[in-house]
Amino acid sequence: MSTIEKTLEDVLLKEDVLKNNEIVLYNDDVNTFDHVIDTLIYACDHMPEQAEQCAIIVHYKGKCTVKTGAYDDLKPRCSMLLEAGLSAEII
């Protein structure tokens, strides 16, 4: 096995180990667009345009992945969404 093949194999193994989790936000009939947008900006570090697009997707599709990353980074963010009254989970 060449050095390049070994390096590529190591990178692929690390990618498998570091697979990203996702925060999925679900639609509800309670929260306003403004509240969802403000919460995504606060909890997920979204830009206003990104937060608005996610809110629209959630409204029309029923759910939207709003953040991807390591579980340890997503857990407090998901907690902030839940504390704000939104419906979300990490998958």
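Refer to the structure presented above.
Residues numbered from 1 in each chain as written. Predicted model: local features only at pLDDT ≥ 70, side-chain atom pairs only at ≥ 80, totals over all residues. Heavy atoms only, no water.

Peer 1: What's the story with helix 2 (residues 33-44) in this structure? I'm lost.
Peer 2: Between its terminal C-alpha atoms helix 2 stretches 16 Å, which fits the 16 Å expected from 12 residues at 1.5 Å a residue. Of all the residues in helix 2, the buried ones are Val36, Ile37, Thr39, Leu40, Ala43 and Cys44. Projected down its long axis, helix 2 shows its buried positions confined to an angular sector of 165 degrees, all on one face. Residues of helix 2 that are exposed and angled more than 90 degrees away from the buried face: Asp34 and Tyr42. Contacts made by the buried residues of helix 2 are with strand 1 (21-26), helix 3 (48-61), strand 2 (63-69) and helix 4 (71-83). (Helix = DSSP H or I, 4+ residues; strand = E, 2+ residues; numbered from the N terminus. Expected span 1.5 Å × (residues − 1). Buried < 20%, exposed > 50% of the residue type's maximum accessible area, 1.4 Å probe, protein only. Arc of directions from axis to C-beta. Contact = heavy atoms within 4.5 Å.)

Peer 1: Teacher, can you tell me more about the pattern of salt bridges here?
Peer 2: Think of it this way: side chains of opposite charge can pair up when their charged atoms draw near. Scanning the model with the defined rule gives 2 salt bridges in all. Ionic pairing is found between Arg77 and Asp45, a salt bridge with its closest N-O pair at 3.1 Å. Of this pair, Arg77 sits in helix 4 while Asp45 sits in the loop between helix 2 and helix 3; the two residues are 32 residues apart in sequence, bridging distant segments of the chain. A salt bridge links Asp73 to Arg77, with the shortest nitrogen-to-oxygen separation between them at 3.3 Å. Placement of both Asp73 and Arg77 in helix 4 is noted, with a separation of 4 residues, approximately one turn of the helix. Sharing partners across several salt bridges, the network here consists of Asp45, Asp73 and Arg77. (Salt bridge = Lys/Arg side-chain N within 4 Å of Asp/Glu carboxyl O.)

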